[in-house]
Amino acid sequence: MSKESKALERQAWDAKRVGNLLLNNALLILMIIAVIYIAVVNPNFLKPASIINILSQTAAYLPAALGIGGCIVLTGTDLSAGRIVGLTACISASLLQSAANLANKMWPEIGTLPIWVVIPVAMLIGAAFGAFNGFFVAKFKLHPFIVTLGTQLIVYTLLLLYVQMGNNKGMAISNLDASYTDFVKGELFNVGGTSVPRYVLFAVILTLIMWFIWNKTTFGKNMFALGANEEAARVSGVNVFLTTILVFALAGAMYGFTGFIEGARIGSNTANTGFNYELDAIAACVIGGVSFVGGIGKIRGVVVGVLMLRLIFIGLSMMKVDPNLQYLIKGGIILFACALDMRKYLVKK
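Reading the values: rules and limits
- Residues numbered from 1 in each chain as written.
- Predicted model: local features only at pLDDT ≥ 70, side-chain atom pairs only at ≥ 80, totals over all residues.
- Heavy atoms only, no water.
- Helix = DSSP H or I, 4+ residues; strand = E, 2+ residues; numbered from the N terminus.
- Rg over C-alpha atoms; globule rule 2.2 N^0.38 Å.
- Buried < 20%, exposed > 50% of the residue type's maximum accessible area, 1.4 Å probe, protein only.
- Contact = heavy atoms within 4.5 Å.
- Areas by Shrake-Rupley, 256 points an atom, 1.4 Å probe, with all protein chains shown as cover.
- Lys, Arg positive; Asp, Glu negative; His and termini not counted.
- Charge placed at Lys NZ, Arg CZ, Asp CG, Glu CD.
- Pairing = 2+ DSSP bridges.
- Patch = residues over 30% accessible without salt bridge, like charges linked within 9 Å, V, L, I, M, F, W, Y side chains within 5 Å.
- Salt bridge = Lys/Arg side-chain N within 4 Å of Asp/Glu carboxyl O.
- Phe/Tyr/Trp six-rings, centres within 6.5 Å; stacked < 30°, edge-to-face > 60°.
- Lys NZ or Arg CZ within 6 Å of the ring centre and 35° of its normal.
- Axes fitted to C-alpha atoms, helices over the stretch in contact; angles between N-to-C directions.
- Parallel < 35°, antiparallel > 145°, perpendicular 65-115°, else oblique.
- Left-handed = near helix turned anticlockwise from the far one by under 90°.
- Polar contact = N/O pair within 3.5 Å; in protein donor to acceptor, adjacent residues only side chain to side chain.
- Expected span 1.5 Å × (residues − 1).
- Core = buried A, V, L, I, M, F, W, Y, C linked by side-chain atoms within 4.5 Å.
- Arc of directions from axis to C-beta.

1. So, the overall build of the protein chain
A count of helices and strands for the protein chain gives 14 helices and 2 strands. For 349 residues, the compact-globule estimate of 2.2 N^0.38 gives 20 Å, and the protein chain sits close to it at 22 Å. Across its three principal axes, the protein chain shows a C-alpha extent of roughly 90 × 55 × 35 Å. Evaluated residue by residue, the protein chain yields a buried proportion of 48% over its 349 residues. For the protein chain, restricting intrachain contacts to residue pairs at least 6 apart in sequence, the fraction spanning at least 24 positions comes to 76%. Taken as a whole, the protein chain presents about 16700 Å² of accessible surface, with 67% of it coming from carbon and sulfur. One way to put it: in the protein chain the 26 positive side-chain charges average out to a point 6 Å from where the 15 negative ones average out.

Next up, the structure:
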């Protein structure tokens, strides 16, 4: 082969690599372009108050995305996440209402429980539902889509029943104790007169913990091995049944913590709390490169995915785009991201 032919072949190969790189990251590139456009059209988008708002919302949604990311690594998903967030938010809020006005308290006879009691309660409730999902997926080889769809309906029914209990009678659960709201929304530090809430720190801590679990533990290695090839993982000695249950239980614990945070962040909790949170979490994960084909994903990708989604949706709100269109945009993002993910998988094959 002549030098000219080799040069042309090398150029064609390089062009193909660049084309694949651009196509594989097309969604992220388009979202960055959209963010730049929004920043140009509305300069307030990049002001300190707006940036802190974006970071705060990212921190609020991040724990749920970190949880659901593990389910996706196992080639699954979790449609019950949002309802578990809603149930644990309402339970947390009801246990941490102010005792100053018993007439407006859901459970006046138990007073206001300590925060360090309520956090484990919320996370254990979430973990229990997650383990329930994992059991049905592992034991009966049911697809997580079907299992978690059923759990979503069960949890929503429990949520509807719960908000009717005690003195609540279906009203919004509010009148929260100051210790609860200060613990979650209190000022961590101040930037240009705008407060950064404490739950940003909690999200950072959870991210570090999840990074360690995914990357430095035997459980994390087993999770990725199981997601990549279940049969090979089983032959290698991975306890498929236990690993599956633990992945979904860990995801549920993350939803429970999200619910605890949302209970104080929202301040007025109803049966609609947590609605569609799973869509945001799934979209963030696929944007961040957590693959539905299994065995692929990074914590930093999940963080980037949540951040990009918040940038887009807050930017759209600042541009006064109809909020109803956000569902269309979320659906489009999920479909586009999944299509790109499948393309990368087929190219590798």
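2. Considering the pairing of strand β1 (residues 187-191)
A regular strand places its side chains on the two faces of the sheet in alternate fashion. Note: β1 against strand β2 (residues 194-197), 4 bridges, orientation antiparallel. The partner of Val 191 across the bridge, within β2, is Thr 194.

3. Some details on a nonpolar patch on the surface
A grouping of Leu 188, Phe 189, Val 191, Leu 201, Val 204, Ile 205, Leu 208 and Ile 209 is seen on the molecular surface, where their side chains present a nonpolar patch of about 650 Å² in accessible area. Going through the elements one at a time, β1 and α8 (199-216) are the ones with two or more residues in the nonpolar patch. The biggest single contributor to the nonpolar patch is α8, with 5 residues. With respect to the helices and strands, the residue Ile 209 is situated in helix α8. You can call Ile 209 partly exposed: its relative accessible area is 43%.

4. Quick notes on the pattern of salt bridges
In this structure the tally under the stated criterion is 5 salt bridges. Of the charged contacts in the structure, one is a salt bridge between Lys 141 and Glu 230, with a shortest N-O distance of 3.2 Å. Of the two residues, Lys 141 sits in the loop between α5 (115-140) and α6 (144-162) while Glu 230 sits in helix α10 (residues 230-235), which places them 89 residues apart along the sequence. Accessibility expressed as a relative area gives 52% for Lys 141, which makes it exposed. Here the salt bridges share partners, and the residues they tie into one network are Lys 141, Glu 230, Glu 231 and Arg 234.

5. Quick notes on the packing of aromatic side chains
Across all of its chains, the model carries 14 aromatic pairs by this definition. With 6.0 Å between their ring centres and 85° between their planes, Phe 135 and Phe 140 make a pair best called edge-to-face. Given the relative accessible area of 46%, Phe 140 is considered partly exposed. Look at Phe 202 and Phe 257: their rings are 6.3 Å apart centre to centre, the planes differ by 85°, and that puts the pair in the edge-to-face class. In this pair, Phe 202 sits in helix α8 while Phe 257 sits in helix α11 (residues 240-266), placing the two residues 55 residues apart along the sequence. Of the two residues, Phe 202 and Phe 257, both sit in the buried class. Among the aromatic side chains, those forming a connected cluster through ring pairs are Trp 116, Tyr 180, Phe 183, Phe 202, Phe 257 and Phe 260. Positioned above the aromatic ring of Tyr 156 is the side chain of Arg 83, whose terminal nitrogen or guanidinium carbon lies 3.8 Å from the ring centre. Above the plane of the ring of Tyr 61 lies Arg 310, whose end atom (NZ or CZ) is 4.1 Å from the centre.

6. Re the packing of helix α4 (residues 81-95) against α6
As a packed pair, α4 and α6 sit with axes 8 Å apart at the nearest point and diverge in direction by 25°. On the basis of the axis angle, α4 is roughly parallel to α6. For the element pair α4 and α6, the recorded crossing hand is left-handed. Note on element contacts: α6 touches α4 through Gln 152, Val 155, Tyr 156, Leu 158, Leu 159 and Tyr 162, opposite Arg 83, Ile 84, Gly 86, Leu 87, Cys 90, Ile 91 and Ser 94.

7. Notes on the side chain of Thr 88
Secondary-structure assignment places Thr 88 in helix α4. Within the local environment of Thr 88, its side chain forms a polar contact with the backbone oxygen of Ile 84, the two atoms lying 2.8 Å apart.

8. Considering α11
The end-to-end C-alpha distance of α11 is 38 Å, a good match for the 39 Å that 27 residues give at a rise of 1.5 Å each. In this structure Asn 239 caps α11, since a side-chain oxygen of it lies 3.4 Å from the backbone nitrogen of Phe 241. Just downstream of α11, Gly 267 is the residue with a positive phi angle, here 85°.

9. Some details on the nonpolar core
Grouped together as the largest cluster of nonpolar side chains are 98 residues, with contacts concentrated most on Tyr 255 and Phe 260. Top contributing element to this core by residue count: helix α3 (residues 48-73), with 13 residues. Excluding residues that lie within four positions of it along the chain, Tyr 255 makes contacts with Ala 64, Gly 67, Ile 68, Cys 71, Asp 78, Ala 81, Ile 84, Val 85 and Thr 88.

10. A few points about unusual backbone geometry
Positive phi, normally seen in glycine, also occurs at Lys 141, with a value near 55°. Of note, Lys 320 is a non-glycine position whose phi angle comes to about 65°, a positive value. Locating Lys 320 in the fold gives a position in the loop between α13 (299-318) and α14 (325-348).

11. Brief notes about α6
One turn of an α-helix holds 3.6 residues; hence residues three or four places apart share an orientation. End to end, α6 covers 26 Å across 19 residues, agreeing with the expected 27 Å (1.5 Å per residue, within 8%). Within the sequence span of α6, burial applies to Pro 144, Val 147, Thr 148, Thr 151, Gln 152, Val 155, Leu 159 and Tyr 162. For α6, the arc enclosing every buried residue in end-on projection is 140°, short of the 170-degree limit, so these residues lie on one face. Set apart from the buried face of α6 by more than 90 degrees, the exposed residues are Ile 146 and Leu 153.

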